[in-house]
Amino acid sequence: MSTHAHEGELVVFLIGMTVGKPWRVDRWARIGKAMTRMQQELHRNKACAEAGEEDWLGFLGGYNCVGPRGPVSVQYWRSIDDLYGYAASGEREHRPAWLDYYRRAQRSSRRDGIGIWHETYAVPAGGHESAYGDVTDWGLAGATGAVPLARRGRTARERLASSAGPLAS
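Before going into details, it helps to say that this report is about the structure given with it.

**Here we look at the packing of aromatic side chains**
So, step 1. Tallied over the entire structure, the rule returns three aromatic pairs.
So, step 2. Plain terms: the ring middles of Tyr 63 and Trp 138 are 4.1 Å apart, the flat faces sit at 35° to each other, and that makes the pair tilted. Of this pair, Tyr 63 sits in strand β3 (residues 59-67) while Trp 138 is found in the loop between β5 (114-123) and α4 (139-144), placing the two residues 75 residues apart along the sequence.
So, step 3. On the numbers, 5.8 Å between centres and 35° between planes, the contact of Trp 77 with Tyr 86 is tilted.

**Describing the pairing of strand β4 (residues 70-77)**
So, step 1. Counting buried positions along β4 gives seven out of eight residues, so the element sits mostly inside the fold.
So, step 2. Taken together, the eight bridges between β3 and β4 define a ladder with antiparallel strand orientation. Looking across to β4, one finds that Val 66 is bridged to Pro 71.
So, step 3. Hairpin connection, β3 to β4: the antiparallel pair is bridged by two residues.

**Structural notes on helix α2 (residues 80-88)**
So, step 1. Turning to α2, its buried residues number three or more, namely Asp 82, Leu 83 and Tyr 86. What you see down the axis of α2 is that its buried residues fit within an arc of 100°, all on one side. Opposite the packed face of α2, turned more than 90 degrees from it, sit the exposed residues Asp 81 and Ala 88.

**Describing the pattern of salt bridges**
So, step 1. One pass over the full model with this rule turns up seven salt bridges.
So, step 2. Between Arg 151 and Glu 7 there is a salt bridge; the shortest N-O distance is 3.5 Å. In this pair, Arg 151 sits in the loop between β6 (146-148) and α5 (156-163) while Glu 7 sits in the loop between β1 (2-4) and β2 (10-19), placing the two residues 144 residues apart along the sequence.
So, step 3. For Glu 7, a relative accessible area of 54% translates into the label exposed.

**Topic: the side chain of His 128**
So, step 1. Here His 128 lies in the loop between β5 and α4.
So, step 2. The buried category is assigned to His 128, whose relative accessible area is 8%.
So, step 3. Within the structure, His 128 has its side chain in polar contact with the side chain of His 4 (distance 3.0 Å).
So, step 4. Here the side chain of His 128 touches Gly 8 through a polar contact of 2.7 Å, landing on its backbone oxygen.

**Points about a nonpolar patch on the surface**
So, step 1. Residues Trp 98, Leu 99, Tyr 102 and Ile 116 make up a contiguous nonpolar surface patch of about 340 Å² in total accessible area.
So, step 2. For the nonpolar patch, the element with the highest residue contribution is helix α3 (residues 94-108), accounting for three residues.
So, step 3. Following the sequence through the fold, Ile 116 ends up in strand β5.
So, step 4. Residue classification places Ile 116 among the partly exposed positions, given a relative accessible area of 31%.

Quick notes on the rules
- Residues numbered from 1 in each chain as written.
- Predicted model: local features only at pLDDT ≥ 70, side-chain atom pairs only at ≥ 80, totals over all residues.
- Heavy atoms only, no water.
- Phe/Tyr/Trp six-rings, centres within 6.5 Å; stacked < 30°, edge-to-face > 60°.
- Helix = DSSP H or I, 4+ residues; strand = E, 2+ residues; numbered from the N terminus.
- Buried < 20%, exposed > 50% of the residue type's maximum accessible area, 1.4 Å probe, protein only.
- Pairing = 2+ DSSP bridges.
- Arc of directions from axis to C-beta.
- Salt bridge = Lys/Arg side-chain N within 4 Å of Asp/Glu carboxyl O.
- Polar contact = N/O pair within 3.5 Å; in protein donor to acceptor, adjacent residues only side chain to side chain.
- Patch = residues over 30% accessible without salt bridge, like charges linked within 9 Å, V, L, I, M, F, W, Y side chains within 5 Å.
- Areas by Shrake-Rupley, 256 points an atom, 1.4 Å probe, with all protein chains shown as cover.

Right, here's the structure in full:
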């Protein structure tokens, strides 16, 4: 058994698209391609930052899945400032893609059947715990690495107390 290696605060960012009319590939494919470019940029930046080749944007990692109404991306970030900094930068993939989506949405109304949503969770240090049984490449452990579960405690309560540091006891 293992737990994630991350210590300190983090941000969990969920972003997805609902596809009400799957046959309208002309409407949703553009959004899917833009999301792919953003994710490639974030992963590339993380690798380059680890190699000392550029400044890190603060993206820890993430994964994609398909929810009942469309694709969902689960992302882990170092901080809210990092997430908002990436989102607002005109030199990165997100801002131009968002502006393009917004312009098109203004013209097409809701008839195209596509919705975009996101949720942001700022998790303080000591506010996260995890347990993985024979899976170390998933979730927060996939993004930040894994350590033996016993390092932080047997139970979820013990791991939360452990991640909060000495003041938690």
